[in-house]
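One-letter residues, chain by chain:
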Amino acid sequence: MSGSARGPGPWKGRWWVRRWHRQLGVVFALPLLWLAVSGLLLRHADRFGLHDRQVRSAWLLQRYGMIPEEAPRGVTAGSRRVVEWGENLFLGDALVQESGVLIGAVPKGRDLVVALEGYLLVYDAGGMLVDQLGDASLPGTPLEALGVDGDGAVMVRTDGKVARIGDDFLGHAEAPAAEVTWSEVTALEEEAIEALEPRLAEQAGISYYRVLLDMHSGNLLGTVTKWAVDLAAIGIIVLTVMGLGLVFRKPRTGTGEG
Amino acid sequence: MSSTLAWDTASRLWSARWSRGGAGCGVFRTLLVLLCLHGWAGAGVTVYQKPSAFLAEVFGGSVPATKAIRLSSSHQAQIKRLLGHSYRPSMLRYWRQGDTMAVILEEVGKVEPITTGFVVKGGRIARVRILIYRESHGMEVARTSFTKQFRGTELSPAGRLSRRVDGISGATLSVRAVTGLARVALYLDRVAPK
């Protein structure tokens with residue numbers, strides 16, 4: 001056998017492969033371990049109850065876009081509070097189906113009148129949507145303000161004009177702006193925000209299985225982790241090919257000269 | 001926001017690619033147009049006609065007074081049969097003049113509500129118009145070629161439309177939503193006080 005393992009000759013190529021195999025092995029050891037462990041957990045997700053357990057972490061929910069980046073805004077109407085948080089609308093602690101830019105909220109008897117930019121919504125005491133007044137039933141949209149006058153009538157302002165909404169919500173008439181108490185939407189305090197986060201988490205319904213799956217596939221933290229997982233996969237393929245080459249490649253018997 | 005970003009990126013790529021020219025320019029331009037269209041398609045709300053303008057058009061400018069019907073549990077049970085679920089809100093507004101009734105209904109296509117205007121005359125649908133479309137896909141239901149299929153249809157005792165409405169591939173959920181609403185509009189014409 002001519003030449004040494006590191007020197008020129010038939011073993012030169014194999015030495016180079018072995019060296020790279022070792023270095024790549026060190027680099028990709030942790031990603032490979034992570035992929036193997038997370039893959040195993042995913043395979044046995046039922047056993048670990050990963051499908052049933054829901055994520056509560058605000059940070060994780062934010063990653064999934066379930067906690068809006070916008071600051072929540074709210075208004076108190078009588079004893080009830082209405083909050084707009086991103087595309088979510090809360091009545092007290094309950095999330096309702098309707099959404100839009102919150103303009104105001106006022107009580108009307110036992111009902112609650114909520115103004116969004118494009119709608120006037122009427123909820124009963126139980127939080128059920130009773131009536132919805134859109135563009136065809138309002139003096140105009142978008143609504144700019146919602147309030148009540150001295151008689152407790154619902155007043156809206158749109159395009160700078162004030163209108164009084166009929167008690168049955170079927171008609172409206174222009175009215176003077178005097179003596180109207182306008183509802184004011186303000187930023188929410190930290191405690192109130194923390195109280196609403198669990199509601200969003202419940203509504204989001206993101207299981208640990210989904211989080212683990214996204215971590216396994218690199219989808220959780222965006223492009224960087226996607227590329228990292230791709231790179232790890234390519235590294236493992238290269239390592240496998242190199243390893244097989246090292247096992248099955250026969251050393252050359254001659255120097256190739258003459 | 002995403003469509004703005006897509007447009008910005010596309011514009012830069014366009015300038016860079018255009019200045020160099022090259023054989024793949026046509027393919028690139030096609031891809032660019034598709035990218036921009038995709039961005040716009042997901043841009044959000046499309047208002048085809050404001051509901052108030054729809055009513056003004058239907059009644060020739062003099063819109064009759066708004067009427068409303070509170071949906072009782074038996075109404076909701078019927079609506080559930082026609083639409084697959086009860087209707088929200090529990091008060092339904094309509095406008096009636098003679099034997100013509102107009103109603104504006106909303107139903108979720110996939111995730112967002114589709115606002116649709118219906119005109120019912122003599123127990124048959126006279127007009128369907130998609131007024132506001134909020135979904136990113138399936139806006140083909142707003143085409144006249146689709147909505148005109150409803151003209152003249154009535155509600156059978158079994159709660160079906162008297163004529164088959166052809167679907168649109170890629171807009172199945174929106175077609176289902178509008179068809180369900182058409183049944184509700186015809187039912188409402190029967191039960192709403194004259």
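Per chain, residues are indexed from 1 in the order of the written sequence. Chain A is the first chain written and ligand 1 is the first ligand written, with later ones labelled in order. Predicted model: local features are reported for residues with pLDDT of at least 70 only, side-chain atom pairs are reported and counted for 80 or more only, and whole-chain, interface and lining totals are derived from all residues.

**Structural notes on unusual backbone geometry**
Reasoning step 1: With an omega of 0 degrees, the peptide bond running from T141(A) to P142(A) counts as cis.
Reasoning step 2: We count a stretch as a helix when DSSP gives it H or I for four or more residues in a row; a strand needs E for two or more, and each element gets its number in order from the N terminus. With respect to the helices and strands, the residue P142(A) is situated in the loop between β8 (129-133) and β9 (145-148).
Reasoning step 3: With an omega of 0 degrees, the peptide bond running from R88(B) to P89(B) counts as cis.
Reasoning step 4: You will see that D159(A), though not glycine, has its phi angle at about 55 degrees, which is positive.
Reasoning step 5: By the secondary structure assignment, D159(A) is in the loop between β10 (154-158) and β11 (161-165).

**Description of the sheet that holds strand β5 (residues 113-121) of chain B**
Residues and elements named next belong to chain B.
Reasoning step 1: Each pair of strands is called paired provided DSSP finds at least two bridges between the two strands. Pairing is antiparallel across the open sheet formed by 6 strands, whose spatial order is β1-β6-β5-β4-β3-β2. Edge positions in the open sheet fall to β1 (46-47) and β2 (67-70), since each of these has one partner strand only.
Reasoning step 2: Judged from the 4 bridges that link them, strand β3 (residues 91-97) and strand β4 (residues 100-108) form a sheet pairing that is antiparallel. Counted as the bridge partner of Y94 is V103 from β4.
Reasoning step 3: What counts as a contact is two residues whose backbone-derived C-beta atoms lie within 7 Å of each other. Axis angles are defined between N-to-C directions and span 0 to 180 degrees, where every axis is a line fitted to C-alpha atoms and, for a helix, only to the segment in contact. Sheet contacts for helix α6 (residues 172-191): β2, β3, β4, β5 and β6 (124-133); angle to β5, the most-contacted strand, approximately 40 degrees.

**Description of the interface of chain B and chain A**
Where the parts come together, the accessible area they lose is often given as the size of the interface.
Reasoning step 1: Residue-level contacts link 13 residues of chain B with 11 residues of chain A.
Reasoning step 2: Mapped by element, the contributors of at least two residues to the side of chain B that touches chain A are α3 (51-58) and β3 of chain B.
Reasoning step 3: With 3 residues, the single largest contributor to the side of chain B that touches chain A is α3(B).
Reasoning step 4: Under the grouping applied here, Gly and all other residues not named as nonpolar or charged are polar, the nonpolar ones being Ala, Val, Leu, Ile, Met, Phe, Trp, Tyr, Cys and Pro and the charged ones Asp, Glu, Lys and Arg. Across the side of chain B that touches chain A, the residue classes tally to 7 nonpolar, 3 polar and 3 charged.

**A look at the nonpolar core**
Reasoning step 1: To define a nonpolar core, we join buried Ala, Val, Leu, Ile, Met, Phe, Trp, Tyr and Cys residues through C-beta atoms within 7 Å and take the resulting set. We call a residue exposed when 12 or fewer other C-beta atoms sit within 10 Å of its C-beta, buried when the count reaches 20 or more, and partly exposed for counts in between; the C-beta positions come from the backbone. Ranked by internal contacts, the top residues of the largest apolar core, which has 42 residues, are A102(B), V103(B), F118(B), A182(B), V184(B) and A185(B).
Reasoning step 2: Mapped onto this core, the elements with two or more residues apiece are α3, α4 (73-83), β3, β4, β5, β6 and α6 of chain B.
Reasoning step 3: Among the elements that line this core, the one with the most residues is α6(B), at 9 residues.
Reasoning step 4: Membership of the second largest hydrophobic core comes to 35 residues, among which are F90(A), I103(A), V113(A) and V156(A).

**Digging into α3(B)**
Think of an α-helix as 3.6 residues a turn; residues three or four steps apart then line up on the same face.
Residue and element names in this part refer to chain B.
Reasoning step 1: Of the residues making up α3, those classed as buried are P51, F54, L55 and V58. Axial view of α3: buried residues confined to an arc of 95 degrees, hence all on one face.
Reasoning step 2: Of the residues trailing α3, G60 is marked for its positive phi of about 60 degrees. In this description, the arc belongs to the directions extending from the helix axis to the C-beta atoms.

**Some thoughts on the confidence of the model for chain B**
Residues and elements named next belong to chain B.
Reasoning step 1: Think of pLDDT as the predictor's per-residue confidence, scored from 0 to 100. Per-residue pLDDT for chain B averages 83, and the proportion of residues at 70 or more is 78%.
Reasoning step 2: Within chain B, no element has a lower average pLDDT than helix α1 (residues 2-20), which sits at 40, and none a higher one than β6, at 97.
Reasoning step 3: Contacts for the low-pLDDT stretch residues 1-28, under 50 throughout, to residues beyond four places or in other chains number 18 contacts.
Reasoning step 4: Every residue in residues 30-42 is under pLDDT 50, and counting partners more than four places away or in other chains gives 17 contacts.

**A word on the pairing of strand β3 (residues 88-91) of chain A**
Residues and elements named next belong to chain A.
Reasoning step 1: With 4 bridges connecting them, strand β2 (residues 80-85) and β3 associate as antiparallel partners. Looking at β3, one finds that E84 is bridged to L89.
Reasoning step 2: Between β2 and the antiparallel strand that follows it, β3, lie 2 residues; G86 among them carries a positive phi value of about 60 degrees.
Reasoning step 3: Bridging between β3 and strand β4 (residues 94-96) involves 3 bridges; their strand directions are antiparallel. Pairing of F90 across the sheet is with L95, part of β4.
Reasoning step 4: Where β3 hands over to β4, the hairpin turn is made up of 2 residues, of which G92 adopts a positive phi near 65 degrees.

**Concerning the sheet that holds β8(A)**
Residue and element names in this part refer to chain A.
Reasoning step 1: The strand order β5-β6-β7-β8 describes an open sheet built from 4 strands, whose pairing is antiparallel. Strands at the two margins of the open sheet, each flanked by one partner only, are β5 (102-108) and β8. Pairwise comparison of adjacent strand axes, ignoring direction, gives a mean angle of 15 degrees for this sheet.
Reasoning step 2: In the sheet, strand β7 (residues 120-123) pairs with β8 via 4 bridges, with the strands oriented antiparallel. Bridge pairing links L121 to Q132 in β8.

**Some remarks on the confidence of the model for chain A**
Reasoning step 1: Taken over all residues, the pLDDT of chain A has a mean of 86, while the share at 70 or more is 91%.
Reasoning step 2: Residue range residues 1-5 of chain A is modelled with pLDDT below 50. Its contacts to residues more than four positions away, or to other chains, number 8 contacts.

**What about the environment of S90(B)?**
Reasoning step 1: By the element assignment, S90(B) lies in the loop between α4 and β3.
Reasoning step 2: Residue S90(B) is classed as buried on the basis of its 20 C-beta neighbours within 10 Å.
Reasoning step 3: Once you skip the residues sitting within four places of it in the chain, S90(B) turns out to touch M128(A), V130(A), R70(B) and L71(B).

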